[in-house]
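# Commentary on secondary and tertiary structure
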Amino acid sequence: RVNLTQGSHFLRWQYVKDSSDAGGMDRAQLQLVQVIGTSFSDLECFHCHGSGTHSAGGADHCNACGPNQYLVHDGADLSQCRPCPAGRWSMPGTVGVGSCMALRNCTERDVKVSLTTCIKGKQQQKRSWLEPVRCDVNATGAHSLLSSGKIQPCTACEPNTARASSGTGACRPKSLTCPAGEFSVTQLVLENWDEWPLNLSQQVITATGEELGNDTIPGGWKLRPNQEAGIGIERLILGELESRLHLDVKVLLSPGRLEFILEVSPQSEWGSDVQFLLDNVEASHVYGLQMNRSSTPRQWRRIQVSAPLYPGLHRLTWRCLYPVQGDTSNSAVRLKRVSVEGVEGGGAIRCQGCPPAQEVVRPEGTSCQSCRAGFYFKEATRRCQICPPGFFAAAPGATQCTKCPKGTYSVFGRTCTAKVMLTATDKASKAHAAEQVVFNASAAIQHWKQTTTGLNGPFLVAGRKFLIDVERPIESDEGQAFFWELRNQACGSNVSSLMSITAPVAAPQALATPIGIYLSAVEAVANENVRGVRFSWVKSPGAAFINTTNPFDLKATLKNIVACPAGMAAPAEALLSASLLLRCDATAPLKSLARKDANGNIHLDGLRVAGSALPKIFGCGRLDLEWPTLMACPPCQVQDFAAQRTACDNTGWRTVSFKQMRPCVGGMRAPPGYQETCDGKDVRSVVKGMGQTVKKKYPIRALFFATATLLLGCILLCYATQLHRKYRQRFLQDGGL
């Protein structure tokens, strides 16, 4: 549930694949969206969107009458469609009985001719009436137009396709077997036009509606009109305002290539009566399109067009319009030839090597692709290989994998995530040797996410506002980064609504500056009273992130140590790196949540600027933040406690107790206190045996009793083994199993 302020808001749902395997659903489902208090609710009823549409009472949409029907439009009933009178017909969506036209005598123009499947080199014609029927099928001689059943040789296959050697079946695209590292370039060619292509459709638009079809329809494009090569339109009548021919293709090659040849009669004008559209964009606006004009012996104008096609789905449209002026009785259009190179479903024409760092797409082998994220291109095999454990490739097209930053790991190679457990060497203790301190980084990250409720910000820190994600980059039109700073003008209701929808979210365009683009390290910090898990980011991949856990280790070689300004005086553009320390604090609340103010800024208790000291040669191009959390504390160990001795009393004894000196939670308890002589030679328990002197040799007694107990156990085990052997033999002799 999200509260939106008054005004316009942009809501965005984004699903990001995690670093786990690809099993299961691996998808997000948006099931319900309910926005209350908007101005988009229907407060009134609306008229249907055209004179040819209608609706009944209480309807939520409008309808149109079908073919050979008309809409009763007398104002009494707008929901009734009636059939046309006998001997008349109508287009879908017509209004009034006057729109029904008289049936004319049937001709070949009213017949649809199709062919059966080719069997052993033969096909049979099938003839039927075009729908809607515009002629009188009951007139004398009309049925003779359908009486055919003519058997003919199978039509020729289009170029780059072929039938089986038996001459049976449909034409199939040809294929080639290419050597390793090469793919087969495909080409779709339409030039015979004996049968309607599978991916070709058309659309006829009239004054009252439109009609769609994947085959010949009245007023539309016809195969081989007047027995001439090509597909075309003989003429458009006034009732048919526009006729479109669509060819849908999926281009695999980058770039593919489109070429077609179109012929128009002298009465038609290219660009006005006849047009070409690529993805609904008129030809004059298509990038790279070239056009050549010439004349045919019949004085027809021939138009040759070529254009690049880039990978993806495309719709090629040839559109014929009814001219506003002029005679249309002799207007005609012929589409003679269409070829698309590098298209799915085309026949193979040649083998071609893949571009650098790309592999052949299997099993088709008709295109190349860059390696996806998590893979790299291996030149020896010319195939994409998954990155090995501990390496990653965040972007597609990688030629090598990058080693994961310190403190992270990668299983499937797409991203690196923080290790569950991290260790650091605590060298601060002088009473004990340096020991390993263990941190549960996963628990610290989960507590950060729980407290921030999954939001990335903007977090308000010392008057500046930041977007932070410790697991994955935050995407923006300007790129992606783990750590962004928002400019002052970016803080308002619009930014608030954007940031509060989901995580990860997009940073506002041109209103944020990336500071931490690349993850540099996830490390455990154990230095005296500073303990926790630190995330470090840099602005450029080659930048080194200076470890400031103990910067004075460099004092032997680097002088002039200066402190960076505590007030974050450096602007975001001058910062080269950033860090966030999830600092161990045993007193930090475990269930507190971040708060949002009226401007949409996130307030996180304890999130502040951390002090740091850097060598002067590096300047102050780094920003350090820290946030206290109980979950970043390591378990207590013996070196975390220090002995506290009282003054000697008049009897020559003093009390020794242990106090926790470094932040830690759980683990080892504080050692029990005791009393000792002032010279430290004798000790006695404070809790038990008070007043009884206990010598330092008491561990010898414990060792004696332990040895005796172990010896007695061995004797009993040998005795039990002997009894088992003795009585088992007797049991078997008596018939036992």
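Below or above, wherever it landed, is the structure these notes cover.

What follows concerns the overall build of the protein chain. In terms of helices and strands, the protein chain carries 3 helices and 54 strands. For the protein chain, buried positions account for 38% of its 737 residues. Considering only contacts in the protein chain between residues 6 or more positions apart, those separated by 24 or more positions represent 61%. Of the accessible surface of the protein chain, which amounts to about 41,800 Å², a share of 53% is contributed by carbon and sulfur atoms.

Time to look at the side chain of Glu341. Here Glu341 shows up in strand β24 (residues 333-341). What Glu341 contacts, discounting residues up to four positions off in sequence, is Val185, Thr186, Gln187, Leu253, Gly256, Arg257, Ile349 and Arg350.

Here the focus is the sheet that holds strand β45 (residues 577-584). Strand order in the open sheet made by the 5 strands is β42-β43-β45-β50-β48, with mixed pairing throughout. For this open sheet the edge positions go to β42 (518-527) and β48 (608-609), each flanked by a neighbour on one side alone. In the sheet, β42 pairs with strand β43 (residues 530-538) via 9 bridges, with the strands oriented antiparallel. Opposite Asn527, over in β43, you have Val530 as the bridge partner.

With that out of the way, let us pick up the pairing of strand β41 (residues 512-516). Taken across its 5 residues, β41 has 4 buried, putting it largely inside the fold. As judged from the 4 bridges shared by strand β40 (residues 483-486) and β41, these two strands associate in the antiparallel manner. Of the residues in β41, the one forming a bridge with Leu486 is Ala512.

Let us now look at the sheet that holds strand β9 (residues 151-153). Across the sheet, which stays open at both edges, the 3 strands sit in the order β7-β8-β9 with antiparallel pairing between neighbours. Two strands in the sheet have a free side with no partner beyond their single neighbour: β7 (111-115) and β9. With strand direction ignored, the average angle separating the axes of adjacent strands in the sheet is 40°. Pairing between strand β8 (residues 122-129) and β9: 3 bridges, direction antiparallel. Counted as the bridge partner of Gln123 is Gln152 from β9.

In this description, a pair of aromatic rings is defined by centroid distance and the angle of the planes. This structure, assessed with the given rule, holds 10 aromatic pairs. Between Phe260 and Trp318, the ring centres sit 5.4 Å apart and the planes meet at 90°, which makes this aromatic pair edge-to-face. Taken together, the residues Phe260 in strand β18 (residues 256-264) and Trp318 in strand β23 (residues 312-321) connect sequence positions 58 residues apart. Like Phe260, the residue Trp318 is buried in the burial classification. Grouped by ring-pair contacts, the aromatic residues Phe466, Phe482, Phe483, Phe535 and Trp537 constitute a single cluster.

Along the chain, Cys636 falls in the loop between β50 (622-629) and β51 (641-645). In this structure, the C-alpha to C-alpha distance between Cys636 and Gly666, residues 30 residues apart in sequence, is 5.8 Å. The residues touching Cys636, leaving out its near neighbours within four places in the chain, are Phe641, Gln660, Cys664, Val665, Gly666, Gly667 and Met668.

Before going further, it helps to examine the state of the cysteines. What the rule picks out here adds up to 12 disulfides. There is a disulfide in this structure between Cys354 and Cys368, and the S-S distance comes to 1.9 Å. Torsion about the S-S bond of the Cys354 and Cys368 cystine: about -80°, corresponding to left-handed handedness. Taken as a pair, Cys354 in the loop between β25 (347-353) and β26 (358-360) and Cys368 in strand β27 (residues 368-370) lie far apart in primary sequence, 14 residues in all. The same class applies to Cys354 and to Cys368, which are both buried.

For the rest of this paragraph, the subject is a nonpolar patch on the surface. Together, Val2, Leu4, Trp13, Leu30, Val33 and Val35 make up an exposed nonpolar region whose accessible area comes to about 530 Å². Looking at the element boundaries, Trp13 is found in the segment before β1 (53-54). Of the residues examined, Trp13 reaches a relative accessible area of 47% and is grouped as partly exposed.

Moving on, we get to helix α1 (residues 441-451). All buried positions along α1 are accounted for by Ala441, Ala443, Ala444, Ile445, His447, Trp448 and Thr451. By the N-cap criterion, in which a side-chain oxygen at the helix start approaches the backbone nitrogen of a residue two or three places on, α1 is capped by Asn440, the distance to Ser442 being 3.3 Å.

Before going further, it helps to examine the pairing of strand β12 (residues 182-190). The buried fraction of β12 amounts to 8 of the 9 residues, a majority that puts the element mostly inside the structure. Bridge analysis of β12 against β25 gives 6 bridges, and the strand direction is antiparallel. Its bridge partner lying in β25, Phe183 is registered against Gln352. In this structure, β12 lies alongside β24, joined through 4 bridges in antiparallel fashion. The residue bridging Val189 from the neighbouring strand is Ser339, located in β24.

This next bit is on unusual backbone geometry. The omega torsion of the bond from Ser254 to Pro255 falls at -5°, within 30 degrees of zero and hence cis. Tracing the backbone shows Pro255 in the loop between β17 (240-251) and β18. Omega for the peptide link from Gly457 to Pro458 comes to 5°, which places this bond in the cis form. Mapped onto the fold, Pro458 is located in the loop between α1 and β36 (459-461). In the Ramachandran plot, Trp193 falls in the positive-phi region, its phi being about 60° despite a non-glycine side chain. Turning to its location among the elements, Trp193 is positioned in the loop between β12 and β13 (200-206).

This part is about the pattern of salt bridges. Overall, the coordinates contain 20 salt bridges when judged by the stated rule. A salt bridge links Glu471 to Lys449; its shortest N-O distance comes to 3.1 Å. Pair noted here: Glu471 is in the loop between β37 (464-468) and β38 (474-476) and Lys449 is in helix α1, with a separation of 22 residues, a long-range link. Judged by relative accessible area, Glu471 falls into the partly exposed class, the value being 30%. Among the ionic pairs, Asp605 bridges to Arg595, the shortest N-O distance being 2.8 Å. Of this pair, Asp605 sits in the loop between β47 (602-603) and β48 while Arg595 sits in strand β46 (residues 595-596), placing them 10 residues apart in sequence. Residue class for Arg595 comes out partly exposed when judged on its relative accessible area of 44%.

In this section: the environment of Ile468. By secondary structure assignment, the location of Ile468 is in strand β37. You can call Ile468 buried: its relative accessible area is 1%. Expressed as a C-alpha distance, the spacing of Ile468 and Ala481, which sit 13 residues apart in the sequence, is 8.7 Å. Look past the residues within four positions of Ile468 in its chain and what remains in contact with it is Trp448, Asn456, Phe459, Ile474, Phe482, Phe483, Trp537, Leu580 and Leu625.

The rules behind the values
- Residues numbered from 1 in each chain as written.
- Predicted model: local features only at pLDDT ≥ 70, side-chain atom pairs only at ≥ 80, totals over all residues.
- Heavy atoms only, no water.
- Helix = DSSP H or I, 4+ residues; strand = E, 2+ residues; numbered from the N terminus.
- Buried < 20%, exposed > 50% of the residue type's maximum accessible area, 1.4 Å probe, protein only.
- Contact = heavy atoms within 4.5 Å.
- Areas by Shrake-Rupley, 256 points an atom, 1.4 Å probe, with all protein chains shown as cover.
- Pairing = 2+ DSSP bridges.
- Axes fitted to C-alpha atoms, helices over the stretch in contact; angles between N-to-C directions.
- Phe/Tyr/Trp six-rings, centres within 6.5 Å; stacked < 30°, edge-to-face > 60°.
- Disulfide = S-S within 2.5 Å.
- Patch = residues over 30% accessible without salt bridge, like charges linked within 9 Å, V, L, I, M, F, W, Y side chains within 5 Å.
- Salt bridge = Lys/Arg side-chain N within 4 Å of Asp/Glu carboxyl O.
- Polar contact = N/O pair within 3.5 Å; in protein donor to acceptor, adjacent residues only side chain to side chain.

These figures capture arrangement, not role.
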